[in-house]
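Read off the chains here:
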Amino acid sequence: MYIADMESENGTFIDGSRLESNTATELSGGEEIMIGDLRMIFATLDDSPTRPIEVPEETTQRVDLPDAEFYIEIADSYQTVAPGAHISTRVSITNEGEKTERFAIEVTGLPREWLRIDKTEVEISAGKSAEITLSFKPLRRSDSRPGDYTVQIAVRRKSQPDLVLRGSVNLLVLPYSGFGMALDKSRLKSGDRFRLFLHNQGSAPLPLTISGRDLSNSHLLIKLVPNRVELAPGQRVVVQGDARPKSTRLFGDARQHSFDLLARSGDASGFLVSARAYVDEKPPLPAWSVFAFGGLGVAVIGIFLIGLLVLLRPSTATPSITQFDVSAERVAQGDPLTLSWMVLDADSVAITLNGAQVMQTDTDENNIQIDTTPFTPGPVTFGLIAMNGDQQVQETRTVEIFVPLRLLSFAYSPNPLVRYVNQTITLRWDVPQASSVRIVGLEGFSTTESIDTAFSASDELSLTGIITTADPLTVTLIAEGAGSTTPLEQTVALDVIDPQCTTAAGGVTLYDGPSTSAQVIGTIPDGGFVTVNAQDPSGAWLRVVLSGGVPGWGQLSAFRCAVTFNTRDLFRELIVPTAVLPATLPPTSTGTPTATLRPTRTLRPTFTPTPAG
């Protein structure tokens with residue numbers, strides 16, 4: 001499928017980019033097409049009647065609330081997508097009210113440019129449904145962080161904006177790989193420095209090993225600094241190096257040596273990329289000069305050769321350090337630290353730690369990885385000494401070693417917790433080296449106790465109360481260390497179950513209040529499973545939650561409840577008695593006759609609900 005703009009005045013746009021006129025652009029799916037004020041989402045569809053039909057796993061999520069008069073259903077609530085590709089899901093809104101309503105849809109939880117909604121508002125007639133299509137298309141950019149995203153979907157009725165139904169879609173964004181490599185110049189003179197540019201164009205960290213491969217029968221000496229790097233998503237790094245023949249020729253014709261620079265990835269892909277370069281070698285004297293000098297006689301040649309040997313006699317040059325780098329100025333204790341260097345005119349190098357020499361190596365090595373586990377937290381000074389005979393030069397770099405925050409444990413009890421039941425929840429944690437710890441996410445736990453806002457590194461929090469929310473309960477620990485240490489966050493989803501009971505022999509009759517004189521609203525047959533969420537002040541009645549959120553009261557003796565809770569600990573519902581009005585009001589002092597008031601009673605239809613399970 002292709003789209004082309006036929007020289008329109010306002011242009012045609014694909015994902016925000018204007019198309020070139022009279023040029024066909026292929027559509028692969030998920031593109032957002034803008035034509036004037038019209039916005040369209042292109043999706044592919046296979047209508048082949050011969051394809052096999054498979055019954056998909058039911059992943060539709062339904063969200064409703066009592067008295068909401070509408071509910072939503074979200075299809076495919078867990079999906080996986082790679083950057084640059086697209087997937088979609090459908091949100092169905094059903095209006096259970098008696099009049100036409102307008103609904104607004106809001107979606108949060110991921111970057112706005114990844115999301116496309118075909119309509120943000122929809123009008124639905126009474127008893128009808130409408131579908132909204134959400135398309136997810138993470139951009140193929142290095143800052144498209146891979147991982148799980150919880151996409152929050154909120155639907156509200158325009159006439160009652162405070163009533164919101166919320167659902168979610170779990171979106172797993174996969175990482176992708178992309179790599180670029182280029183030389184600043186591919187043709188060099190002997191000893192010329194070159195720069196190799198590396199670019200991680202993917203969205204995941206990329207470890208690389210850089211090496212040189214001589215294609216001229218081992219006549220070249222190739223040096224690279226650094227030769228091992230790990231690029232963060234989107235990061236660019238420059239590797240410096242030089243290439244020269246291993247031996248220098250005095251006479252002869254110009255020659256060209258070729259070599260490859262190789263970059264091999266250390267991730268699962270294990271790719272290998274090469275860049276070709278050439279070194280031009282030109283001796284100071286041409287080949288024919290040997291015969292010219294022969295005519296001057298053996299004596300002259302001898303004198304010349306002696307003088308030439310004197311001129312070319314190597315002298316002890318002063319070494320120099322052209323580069324000395326550390327991989328990071330602040331390193332967590334236990335993380336590796338890389339030292340890399342480049343020296344000239346040196347026959348050996350030495351590494352020092354706080355002034356004491358710890359190793360010595362030849363110039364073929366240009367980096368070393370150091371284990372920081374045994375180091376004491378604080379500043380550490382590394383030195384590089386380049387030596388040539390009795391001459392040497394030195395440079396130093398200082399690195400700050402700090403103790404990272406590590407979570408040793410974070411647990412809760414009891415497990416599982418039970419909704420609507422008075423219970424004591426205890427959270428315990430251990431985060432060595434943390435200066436303070438905060439606990440957030442207990443808003444759904446109703447308690448009369450005050451909740452502290454700061455705790456020590458190894459501590460516990462105990463609260464007595466009731467879980468009154470039907471939503472999942474998650475608790476997040478936020479630990480902070482001294483200085484600029486990045487805070488550590490750990491979220492735990494608490495396992496919360498509903499208090500459930502089964503009906504005893506003979507079934508249970510449900511009333512609209514905790515009394516046999518109240519209106520009968522239904523019955524539950526023998527062996528039916530129900531959720532209870534309250535008891536009356538006497539403890540003799542339990543409130544049952546029926547399908548659709550309809551409440552009903554049944555006598556405690558008619559239930560057999562699970563051992564996960566005690567019915568005496570259930571939430572106690574305060575029953576406010578209904579005032580009884582007299583049939584006739586007493587006469588007023590004016591003698592004016594008064595109207596006769598009779599109490600009214602609302603009758604509810606009797607029904608037999610289908611037992612859960």
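See above for the structure.
Residues numbered from 1 in each chain as written. Predicted model: local features only at pLDDT ≥ 70, side-chain atom pairs only at ≥ 80, totals over all residues. Heavy atoms only, no water.

### Quick look at the state of the cysteines
Reasoning step 1: Considering all chains together, one arrives at 1 disulfide under this definition.
Reasoning step 2: Residue Cys501 pairs covalently with Cys561 via a disulfide, S to S 2.1 Å. Its torsion about the S-S bond being 95°, the disulfide of Cys501 and Cys561 is classed as right-handed. A residue pair is termed long-range when its members are at least 10 positions apart, and Cys501 in strand 43 (residues 500-503) and Cys561 in strand 49 (residues 559-561) qualify at 60 residues.
Reasoning step 3: Residue Cys561 is classed as partly exposed on the basis of its relative accessible area, which comes to 25%. (Disulfide = S-S within 2.5 Å. Helix = DSSP H or I, 4+ residues; strand = E, 2+ residues; numbered from the N terminus. Buried < 20%, exposed > 50% of the residue type's maximum accessible area, 1.4 Å probe, protein only.)

### Here's the deal with a nonpolar patch on the surface
Reasoning step 1: Taken together, the side chains of Ile35, Leu38 and Met40 present a nonpolar region at the surface, about 240 Å² in accessible area.
Reasoning step 2: Relative to the helices and strands, Ile35 is located in strand 5 (residues 32-35).
Reasoning step 3: Ile35 gets classed as partly exposed once you look at its relative accessible area, which sits at 38%. (Patch = residues over 30% accessible without salt bridge, like charges linked within 9 Å, V, L, I, M, F, W, Y side chains within 5 Å. Areas by Shrake-Rupley, 256 points an atom, 1.4 Å probe, with all protein chains shown as cover. Salt bridge = Lys/Arg side-chain N within 4 Å of Asp/Glu carboxyl O.)

### A look at the layout of surface pockets
The probe, sized like a water molecule, is rolled over the atoms to show the empty space still left.
Reasoning step 1: Reported here for the largest pocket is a volume of approximately 1300 Å³.
Reasoning step 2: Lining the largest pocket are 38 residues, with Asp64, Leu65, Thr469, Ala470 and Asp471 positioned closest to its centre.
Reasoning step 3: Counting residues per element, the ones that place at least two in the lining of the largest pocket are strand 7 (61-64), strand 11 (101-108), strand 15 (147-157), strand 16 (160-173), strand 46 (529-535) and strand 47 (541-545).
Reasoning step 4: Of the residues contributing to the lining of the largest pocket, the split by class is 18 nonpolar, 12 polar and 8 charged. (1 Å grid on protein atoms, 1.4 Å probe; cavity = no way out; pocket = protein on both sides within 12 Å on 5 of 7 lines; lining within 4 Å. Points joined across faces, edges and corners; volume = space filled by probe spheres on them. Nonpolar A, V, L, I, M, F, W, Y, C, P; charged D, E, K, R; others polar.)

### Observations regarding the sheet that holds strand 8 (residues 70-74)
Reasoning step 1: The strand order across the open sheet formed by 5 strands is 7-8-10-14-12, and the pairing between neighbours is antiparallel. Two strands lie at the open edges of the sheet, namely strand 7 and strand 12 (115-117), each paired on one side alone. Averaged over all pairs of adjacent strands, the angle between their axes in this sheet comes to 20°, without regard to strand direction.
Reasoning step 2: Of the strand pairs in this sheet, strand 10 (residues 87-95) and strand 14 (residues 129-136) are connected by 8 bridges, and their pairing is antiparallel. Directly across from Ile93, in strand 14, lies its bridge partner Ala130. (Pairing = 2+ DSSP bridges. Axes fitted to C-alpha atoms, helices over the stretch in contact; angles between N-to-C directions.)

### A few points about the environment of Thr376
Reasoning step 1: Along the polypeptide, Thr376 turns up in the loop between strand 31 (367-371) and strand 32 (378-388).
Reasoning step 2: Once the C-alpha coordinates of Thr376 and Phe402 are considered, the two residues, 26 residues apart in sequence, prove to be 8.4 Å apart.

### Here's the deal with the packing of aromatic side chains
Reasoning step 1: For the coordinates displayed, the defined rule picks out 7 aromatic pairs.
Reasoning step 2: Aromatic pair Phe179 and Phe271: ring centres 5.4 Å apart, planes at 35°, arrangement tilted. In this pair, Phe179 sits in strand 17 (residues 179-183) while Phe271 sits in the loop between strand 24 (255-265) and strand 25 (272-281), placing the two residues 92 residues apart along the sequence.
Reasoning step 3: Between the aromatic rings of Trp429 and Phe455, the centroid separation amounts to 5.2 Å while the plane-to-plane angle is 75°, which identifies the pairing as edge-to-face. Pair noted here: Trp429 is in strand 36 (residues 423-430) and Phe455 is in the loop between strand 38 (445-446) and strand 39 (458-467), with a separation of 26 residues, a long-range link.
Reasoning step 4: Classification of Trp429 by relative accessible area gives buried; the value is 3%.
Reasoning step 5: Directly above the aromatic system of Tyr71 lies the positively charged group of Arg62, at a separation of 3.6 Å from the ring centroid.
Reasoning step 6: Directly above the aromatic system of Phe402 lies the positively charged group of Arg330, at a separation of 4.3 Å from the ring centroid. (Phe/Tyr/Trp six-rings, centres within 6.5 Å; stacked < 30°, edge-to-face > 60°. Lys NZ or Arg CZ within 6 Å of the ring centre and 35° of its normal.)

### Side note on the side chain of Arg157
Reasoning step 1: For Arg157, the location among the structural elements is in strand 15.
Reasoning step 2: Classification of Arg157 by relative accessible area gives buried; the value is 5%.
Reasoning step 3: A polar contact of 3.2 Å, which involves the side chain of Arg157, links it to the backbone oxygen of Ala68.
Reasoning step 4: Beyond its immediate stretch of four places on either side in the chain, Arg157 contacts Ala68, Glu69, Phe70, Glu101, Arg102, Phe103 and Leu163. (Polar contact = N/O pair within 3.5 Å; in protein donor to acceptor, adjacent residues only side chain to side chain. Contact = heavy atoms within 4.5 Å.)

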